[in-house]
Amino acid sequence: MSQDLPPRLDPRSIEPARYRGWQEGGYFHVPASAVLEDGREPYVIVIPPPNVTAALHMGHGLNNTVQDVLIRWRRMQGRATLWVPGTDHAGIATQNVVERQLAAEGLHRDDVGREKFVERVWGFVTETGGTILDQLKAIGASCDWERTRFTLDDELRRAVREVFVTLYEQGLIYRGEYIINWCPRCLTALSNEEAESEETPGTLWHLRYPLGEEAWAAAEAARDAGAEAIGRLDDGTWYLTVSTTRPETMLGDTGVAVHPGDERYEGLVGASVHLPLARRPIPIVADHHVDPDFGSGMVKVTPAHDKNDFEIAGRTGLELVDVLTPDARMSDAVPEAFRGLDRFEAREAVLEALEDAGLLAGTDEHTHSVPHCYRCGTVVEPRLSEQWFVSMKPLAEPALQASKDGTVTFTPVHWQRVYEHWMENIQDWCISRQLWWGHRIPVWYCECGQVIVAREDPTACTECGSEALEQDPDVLDTWFSSQLWPFSVFGWPEETDDLKAFYPGHTMVTAPEILFFWVARMIMMGYHFRGEAPFADVYLHGTVRDIRGRKMSKSLGNGIDPLRVVEEFGADAMRFTIVSQCAIGTDISMDHEDVEATFAAGRNFANKIWNAGRFALMSVGDEPVRSLDEIRGDLAAEDRWVLSRVARAAEQATNGLERFRLHEVAEGLYHHFWGEICDWYLEVVKSRLADAAEPASREAARATLVTVLDHALRLLHPIVPFVTAELWARLPSSDGDERAGDLIVAPWPSGTDGWLDEDAEADFGAFQSLVAETRRLRKEYGVGEGQRVTIHVHGGPDDFLAGLSKRSAALEQLARVDAVESGSGVGVGANAVLPNGAELFLPLEGVIDVERERSRMAAEIEKLEGLLTGVRARLANEQFVNNAPDEVVRKARENAAQLEEQSSKLREKLARLAA
RNA sequence: GGUCGCUUAGCUCAGCUGGUAGAGCGCCACGUUCACAUCGUGGAUGUCGCAGGUUCGAGUCCUGCAGCGACCACCA
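Each chain carries its own residue numbering, running from 1 in the direction its sequence is written. Here chains are named by letter from A upward and ligands by number from 1 upward, in the order in which they appear as written. Residue-level local features of this predicted model are given only where pLDDT is at least 70; pairs of side-chain atoms are given and counted only at 80 or more, and the full residue set underlies all totals for whole chains, interfaces and linings. The side-chain numbers reported here are obtained from all heavy atoms of the structure, hydrogens and water having been left aside.

S.K.: Outline the overall build of chain A, supporting the account with residue identities and numerical values.
M.R.: From N to C terminus, chain A includes 31 helices and 30 strands. Whereas a compact globule of 915 residues would reach a radius of gyration of roughly 29 Å, chain A reaches 38 Å, over 25% beyond that. Classification of the 915 residues of chain A by burial places 54% in the buried group. In what follows, residue pairs with any heavy atoms lying within 4.5 Å of each other are defined as contacts. The long-range fraction of contacts in chain A, counting pairs at least 24 apart against all pairs at least 6 apart in sequence, stands at 78%. As presented, chain A carries roughly 39,500 Å² of accessible surface, and 47% of it is formed by carbon and sulfur atoms. What counts as a helix is a DSSP run of H or I of at least four residues, what counts as a strand is a run of E of at least two, and both are numbered from the N terminus. Computation of the radius of gyration draws on C-alpha atoms, with the globule rule given as 2.2 Å multiplied by the number of residues to the power 0.38. Using a 1.4 Å probe on the protein chains alone, a residue whose accessible area is under 20% of its type maximum counts as buried, one over 50% counts as exposed, and one in between counts as partly exposed. Surface accessibility follows the Shrake-Rupley procedure with a 1.4 Å probe radius. Residue values consider only the protein chains on display as shielding.

If you want it as structure tokens, here you go:
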């Protein structure tokens, strides 16, 4: 059966079928009873749910490969292993997609109305949503698909309601009018996390605000005391200077603030300022927030459009004037000339008007960070608005503690501090969104003024009995439902068996970008509603970047489609490539312009596994092999060596997986398999596997080879599941040791410590260096591959030479040595000293044409010397050294040094040949 | 502005608690005898960012400097 394996691995012909086999075998599914009744230890990962409309990209490839590696490993360890898949409804993102579709038809969401719009989104999501989960199957993700969840499932709606209402009842959710981040394009409030700041070079404009006459005397005194912000216009009016990066908001100024201790402006507090353009009087107030040392020490206060100003207003009683409409145009609160202007047009218009009035004092270059909507990139506007908030401080406490006492760990550990810093400075969370797609806020308003917050939709007012209830039009931030994911997927608030069995989970694998959006909030919710953290370890992997270090993205066109990679090179190749780059704390870089080069390592390795397996299967045949215990006495040194290496590989892999050092695991196993099993063991053991070989030795070799391959395939399976499973299924069984049905549930290698054999390792290591030195000498003296040689060995450990005689076949195979003789050897030849002290002599008389080799070398030396003489002559020429460009002289010197070295090496070689 | 990180072979990066510099890809040469040319064998290439310090010994620890980056906050 193994004979029909093709010499080249064709992933397409094995991967899909193998995956189907796993699914049909039910290997991905684990029932709660496995934990609750059978007492198996669970291992649970909940997937970071991709956006329901997303298409698989390399970021998902990375994220899910890592999860699958961990899942497969734990499953093999015998844990009741569960990976829960699902998707996120992704409020803004999904709504934007459908709105764009509507726009293509010339429609706006208002044209179709809320109900129809939501229907349409559902249609879209039902039709195209979830394809990403199918795409995950192509990369081998062993999720329990029977448990697939969607954040808008009825079950999860119930969880959201329960959490909202409970938090409300506990006073942790409240509604109020505050400055929030507003996206004028998405027309919704955003959380602080959703407003991404970006360093932007901009301008700081200095504006002059005329003072009321009653303040002129104080102004003059302030000016005389050195207050540069105070001045006098041509018409004699006294003014003060304030600065802003958003001049259009000056129309909404309702005051000017100074620091209460600022002596310069003491007499001005309480005075009035004539707000230009708006032609309103506004007062000067004192507030601690103002930094007297920054700028003029005077701040214009725009309470409806700035968070700090809003707080100043709250303390000083300044009015609130909202000068912007939701889509960021100037509102009716401003003079007619500006009404309806877009905020940026208004900026120009305001500046022009101020300039005309002689009230623009000047400008400065000013780089500051400007918040942008994380979904559409529009500049976010701080805006006064009535929204729902979660009071975070009380929730953060246990979640912070969990990090500090190690209940929850972070890898890389660096993120622990970032997490803690954020938790310590946590701010309330604005959770209402002015969208239609999402979890509707479970709050109803009655005309009598009653506010009803309820788990079930109410039919009548609890106060007046009226049935005319209006539900709050807003929906919740997407992350409000995502944060419940670790328990909502198990049916919470029902106390289900799943919940009992699988909560808390174990590992959270995700990207650092959503540490605050999601991870932190899951931990808080876990503590608040379940009394414990939803997972013990947070593994934060890097970002997938292109060769120039740019994040892969659709808009940059620098992405690599994982499905294309699977199609061309196989899922194993992609997984191995990803995992081998997965060093802790580093990003993954891939060249989108040379996809083949990027995945070559993985593809080649998968093919190597395939061929090594193919060869081993052919050599071993179908007959069952003995157990190792049975043939222990017949084991050759190389058998004991390779088993010892297997034991080390297993230990190293387990250790690496436990610490999320996936890159080390991949690299270690790669070397073990390719560098030890393929390059050495298979080559050494070839002759013993031949039909003509001595039977006891052959049986020992067969048993060892099957054991080694069995273990190697198990160790590699989490990373490259397909090719390993394909081969493993074909391994002959060993007597009295029935294999599990499929590699996916074969036991993870452990307890191989008994195979460690330092003597065997030292002994085989000496043999390896002998082979390596022999090969090197052959190459160096041009002894062709077809030419058999005799080598002489003497010195070194006593049994070294004796051991070699048993390996004549291996020496023949590895180094084309047909005889080993003891003693130092005589005549013309090459020699080398091995690390163990033994001396190796390779006679060359009669092997190569020594005279010809000598004259070839001599000729080469002559040629080098000729070149060297030329270069030296040039360097000796002062004119050349003085006049030629430095670069040229430097190169000549380097060249000379190089030639000298080459020539002296060759002379040495010639001398040895002569000896 | 605060915090943290990075700087090692042409490229992408490993190097845990200090002990003779590593991998993959790429490059050069040779090789198809029976697992694999998606292969084998051999080879070349590094003042481990710069400057000091601790040490018998520093890529690894300390200090300073330079360059790059991340996260957070934000003063108008």
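Having put the structure on the table, let's press on.
S.K.: So what's going on with helix α13 (residues 414-424)? Which residues, and what values?
M.R.: Each full turn of the α-helix corresponds to 3.6 residues, which orients residues three or four apart in the same direction. Looking at α13, one finds that the buried residues are Tyr419, Glu420, Trp422 and Met423. Down the axis of α13, the sector holding all buried residues measures 160 degrees, keeping them to one side. Relative to its buried face, α13 has exposed residues pointing more than 90 degrees away, namely Arg417 and His421. Contacts from the buried residues of α13 go to α12 (393-404), β16 (409-411) and α17 (515-530). Note that the arc is defined by the directions from the helix axis to the C-beta atoms.

S.K.: Give a detailed account of the pairing of strand β11 (residues 272-275), specifying residues and quantitative values.
M.R.: Here β11 shows a clear split, with Val273 and Leu275 buried on one side and none of Ser272 and His274 buried on the other. Where β11 meets strand β12 (residues 280-286), four bridges bridge the pair, whose relative direction is antiparallel. Opposite Val273, over in β12, you have Ile282 as the bridge partner. The hairpin formed by β11 and β12 contains four residues between the paired strands, and Leu277 there has a positive phi angle of roughly 65 degrees. DSSP-based pairing: two strands are paired if at least 2 bridges between them are found.

S.K.: Explain the state of the cysteines to me, and be specific about the residues and the numbers.
M.R.: Cysteine sulfur atoms that pair up within 2.5 Å are treated as a disulfide. Scanning the model with the defined rule gives zero disulfides in all. Cysteine Cys143 remains unbridged, with the sulfur of Cys582 as its closest cysteine sulfur at 17 Å. By relative accessible area, which is 0% here, Cys143 ends up buried. Cys446 forms no disulfide, and the closest cysteine sulfur to it belongs to Cys464, at a distance of 3.4 Å. On the accessibility criterion, Cys446 (7% relative accessible area) is buried.

S.K.: Talk me through the protein's contact with RNA strand B; I want residue IDs and the actual numbers.
M.R.: In the neighbourhood of RNA strand B, 45 residues make up the surrounding shell, with Asn308, Ser369, Thr586, Trp674 and Arg816 lying closest. In RNA strand B, atoms within 4 Å of the protein come from the sugar-phosphate backbone in 62% of cases. In this structure, a sugar or linking oxygen belonging to RNA strand B sits 3.2 Å away from a side-chain N or O atom of His414. Measuring from a sugar or linking oxygen of RNA strand B, one finds a side-chain N or O atom of Ser589 at 2.9 Å. The residue makeup of the surface near RNA strand B, split by class, is 15 nonpolar, 16 polar and 14 charged. A single heavy atom is enough: if one lies within 4 Å of a molecule or strand, its residue is considered near that molecule or strand. The definition of a polar contact used here is a pair of N or O atoms within 3.5 Å, where within protein one atom must be able to donate a hydrogen and the other to accept one, and adjacent residues in sequence count solely through side-chain atom pairs. Here the nonpolar group is Ala, Val, Leu, Ile, Met, Phe, Trp, Tyr, Cys and Pro; Asp, Glu, Lys and Arg are the charged ones; every other residue, Gly included, is treated as polar.

S.K.: How would you sum up the nonpolar core? Please name residues and give values.
M.R.: To qualify as a nonpolar core, a set must consist of buried Ala, Val, Leu, Ile, Met, Phe, Trp, Tyr and Cys residues joined through side-chain atoms within 4.5 Å. The biggest cluster of nonpolar side chains holds 217 residues, and the ones touching the most others in it are Met58, Phe164, Met423, Phe480, Met524 and Phe673. Looking at this core element by element, the count peaks at 13 residues for helix α23 (residues 662-689). Counting residues in each nonpolar core, the second largest holds 42 residues, with Ala227, Leu233, Ile284 and Met298 among its members.

S.K.: Outline the packing of aromatic side chains, supporting the account with residue identities and numerical values.
M.R.: Think of a pair of aromatic rings as described by two things: how far the centres are apart, and how the planes are tilted against each other in angle. Side-chain rings of Phe, Tyr and Trp (the six-membered ring for Trp) are treated as a pair once their centres are within 6.5 Å; stacked means planes under 30 degrees apart, edge-to-face means over 60, and tilted covers the remaining angles. Within the structure shown, the criterion is met by 34 aromatic pairs. Where Tyr174 meets Tyr178, the ring centres are 6.2 Å apart and the plane angle is 80 degrees; that geometry is what we call edge-to-face. With a relative accessible area of 23%, Tyr174 lands in the partly exposed category. On the basis of relative accessible area, Tyr178 is assigned to the partly exposed category, the value being 36%. Measuring from centroid to centroid gives 5.9 Å for Phe487 and Tyr503, while their planes differ by 75 degrees, and the two rings are edge-to-face. With a gap of 16 residues between them, Phe487 in helix α15 (residues 485-488) and Tyr503 in the loop between α16 (497-502) and β23 (507-510) connect regions that are remote in the sequence.

S.K.: Which residues make up helix α1 (residues 11-24), and what values do they have?
M.R.: An ideal rise of 1.5 Å per residue puts 20 Å on 14 residues; α1 measures up with 20 Å between its terminal C-alpha atoms. Listed in full, the buried residues belonging to α1 are Pro11, Ile14, Glu15, Arg18, Tyr19 and Trp22. Buried residues of α1 fall within an arc of 120 degrees about the axis and therefore sit on the same side. Facing away from the buried side of α1 by over 90 degrees, the exposed positions are Arg12 and Glu24. At its buried positions, α1 is contacted by α3 (58-76), α7 (131-138), α18 (562-569), α19 (571-580) and α25 (721-728). Here the expected span of a helix is defined as 1.5 Å times the quantity of residues minus one.

S.K.: How would you explain the sheet that holds strand β10 (residues 255-258) if you had to name every residue and give the values?
M.R.: Ordered in space as β11-β12-β10-β13, the four strands form an open sheet in which the pairing is mixed. Each edge of the open sheet is held by one strand with a lone partner, namely β11 and β13 (298-301). If you compare each strand with its neighbour and ignore which way they point, the axes differ by 30 degrees on average. Only the contacting stretch of a helix is used when fitting its axis, a line to C-alpha atoms as for every element, and angles between N-to-C directions run 0 to 180 degrees. Along the sheet face, helix α10 (residues 307-316) touches β10, β12 and β13 and points at about 90 degrees away from the line of β13.

S.K.: Summarise the packing of α19 against helix α20 (residues 595-620); cite the residues concerned and give the values.
M.R.: Direction vectors running N to C along α19 and α20 enclose 120 degrees, while the axes themselves pass 7 Å from each other. On the basis of the axis angle, α19 is oblique to α20. The interaxial crossing formed by α19 with α20 has right-handed handedness. Facing Asp572, Ala573, Met574, Phe576 and Thr577 of α19, the residues of α20 in contact are Thr598, Phe599, Ala601, Gly602, Arg603, Phe605 and Ala606. Considering only residue class, the contact of α19 with α20 consists of seven nonpolar, three polar and two charged. Should an angle lie under 35 degrees it is considered roughly parallel, over 145 roughly antiparallel, and from 65 to 115 roughly perpendicular; all remaining angles are considered oblique. When the near helix sits turned anticlockwise from the far one by under a right angle, the crossing is termed left-handed; a clockwise turn instead gives a right-handed crossing.

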